[in-house]
Amino acid sequence: MRTEKFLPPLSRSVLDRAAERRTQDDLMATLQEDPATRVIVVRGDETLFSPAGTLAARSPFAIEGSANWGFLGAANGLNYVVCVPDEGTTVDEMGGEWQSLRVCGGDIPAFDADVFVEALSLARWYVDAPFCAFCGSATTLKQAGWMRECNDCGRQHFPRTDPAIIVAVVDDDHILLGSNALWASNRFSCFAGFVEAGESLESAVHREVAEEAGVAVHGVRYFGSQAWPYPRSLMLGFFADVNAAEAAQADGEEILEVRWFTKAEVRAAYAGESDVILPGSASIAYALISSWAHS
């Protein structure tokens, strides 16, 4: 069911991450002064876009205040770095507009999406993990923003990624979707959850579907993956066939309603012809549902 049109939108790899350069002395200081450097400023889960709707990856510029910096990689003779200003630091927006990856990630060029998701993933780690997980002391960014070293015990910490499965449960020409307790009653998506300790991806698929939708599945097959920095997930998408469609039932806690949809109903929802709300184009759930609906 996977086609180029419905690849996971944040799965493209366009930058050469050039990890071997991260240990170079004064790399970040050099890049900040290099006219071949493009800076991605991240605030919360947003970055700046130009009036033309492209990533505002500007040349090095002065900011008023302190910030954390990291090296993202290189492409087409340019270096890309992320800048995460500290509170109180001012940034010249240069006529740009702040946009969220969650909102725009599926509608921007593949190059911009890849740079944005890497920048945001690092940026959230800078903000969320400033202290040593072993002794609680402050840490210092090293290796061009890809490692934190504890100022007290010297332990090294690296950006963390949490694997999570997301599965489209299908039964011939129907797909089973659920409505989360935190959503509006007419919003539906695929079933998902984090992989538990000591658990395989396939086992997580079986467990999550059984827990949330009350059905057993078979024929689990891999679709694709993408980073999802909310806060630090790697979403691994699957399709699975259901054993007994009539047994589908919401768990009543995390999922309040499950519903079988036809392909026509899914296409109508995405065309704005019904009151059903389906996942936005930045999510892997969108790719899963859309690829099935158009197969």
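Refer to the structure printed above.
The structure displayed is predicted, hence computed values, not measured ones.

Student: Help me understand the nonpolar core, please; the structure alone is not making it clear to me.
Tutor: Nonpolar side chains in soluble globular proteins tend to be buried together. Membership of the largest hydrophobic core comes to 51 residues, with the highest contact counts inside it found for Leu 72, Val 82, Ile 175, Leu 177, Cys 190 and Val 266. Among the elements that make up this core, the one with the highest residue count is helix α3 (residues 110-128) (ten residues). In contact with Ile 175, other than residues within four places in its own chain, are Ala 168, Val 169, Val 170, Arg 259, Trp 260, Phe 261, Val 266, Ile 289 and Trp 292. Leu 176, Val 195, Val 209 and Phe 238 belong to the second largest nonpolar core, which has 19 residues in total.

Student: Would you mind going over the pairing of strand β13 (residues 233-242) with me for this structure?
Tutor: For a regular strand, side chains alternate in direction, first toward one face of the sheet and then toward the other. Burial of β13 is extensive: eight of the ten residues sit out of reach of the surface. Bridge count between strand β9 (residues 162-171) and β13: nine bridges; the pairing is parallel. In the sheet register, Val 167 faces β13, and the bridge partner there is Phe 238. The hairpin formed by strand β12 (residues 217-228) and β13 contains four residues between the paired strands.

Student: What should I look at first to understand the side chain of Ser 189 in this one?
Tutor: Tracing the sequence through the fold places Ser 189 in the loop between β10 (174-180) and β11 (191-194). Beyond its immediate sequence surroundings of up to four residues, Ser 189 is in contact with Leu 177, Gly 178, Trp 183, Pro 279 and Ala 285.

Student: What's the story with the sheet that holds strand β5 (residues 97-100) in this structure? I'm lost.
Tutor: Note on sheets: strands pair through backbone hydrogen bonds, and any given pair is parallel or antiparallel. One open sheet accounts for five strands, arranged β3-β4-β1-β2-β5; its pairing is mixed. Where the open sheet ends on each side, the last strands, each with one partner, are β3 (67-75) and β5. Neighbouring strand axes in the sheet, compared pairwise and without regard to direction, differ in orientation by 35° on average. In the sheet, strand β2 (residues 46-49) pairs with β5 via four bridges, with the strands oriented antiparallel. What sits directly across from Phe 49, in β5, is Glu 97. Set on the sheet, α3 makes contact with β1 (37-43), β2, β3, β4 (78-85) and β5; between it and β3 the angle comes to about 150°.

Student: What is the right way to look at the environment of Ile 255 in this model?
Tutor: Checked against the element boundaries, Ile 255 lands in strand β14 (residues 255-262). Along the primary structure Ile 255 and Ala 181 are separated by 74 residues, whereas in three dimensions their C-alpha atoms are 5.5 Å apart. Once you skip the residues sitting within four places of it in the chain, Ile 255 turns out to touch Gly 178, Ser 179, Asn 180, Phe 191, Glu 212 and Ala 250.

Student: What am I meant to see in helix α4 (residues 201-213) here?
Tutor: One turn of an α-helix holds 3.6 residues; hence residues three or four places apart share an orientation. A rise of 1.5 Å per residue sets the reference length of α4, with its 13 residues, at 18 Å; its end C-alpha atoms lie 18 Å apart and thus fit the reference within 8%. Every buried residue of α4 is listed here: Ala 204, Val 205, Arg 207, Glu 208, Val 209, Glu 212 and Ala 213. Next to the buried residues of α4 lie β9, β10, β11, β12, β13 and β14. Phi turns positive one or two residues past the end of α4, at Gly 214, with a value near 70°.

Rules of the game
- Residues numbered from 1 in each chain as written.
- Predicted model: local features only at pLDDT ≥ 70, side-chain atom pairs only at ≥ 80, totals over all residues.
- Heavy atoms only, no water.
- Core = buried A, V, L, I, M, F, W, Y, C linked by side-chain atoms within 4.5 Å.
- Buried < 20%, exposed > 50% of the residue type's maximum accessible area, 1.4 Å probe, protein only.
- Helix = DSSP H or I, 4+ residues; strand = E, 2+ residues; numbered from the N terminus.
- Contact = heavy atoms within 4.5 Å.
- Pairing = 2+ DSSP bridges.
- Axes fitted to C-alpha atoms, helices over the stretch in contact; angles between N-to-C directions.
- Expected span 1.5 Å × (residues − 1).

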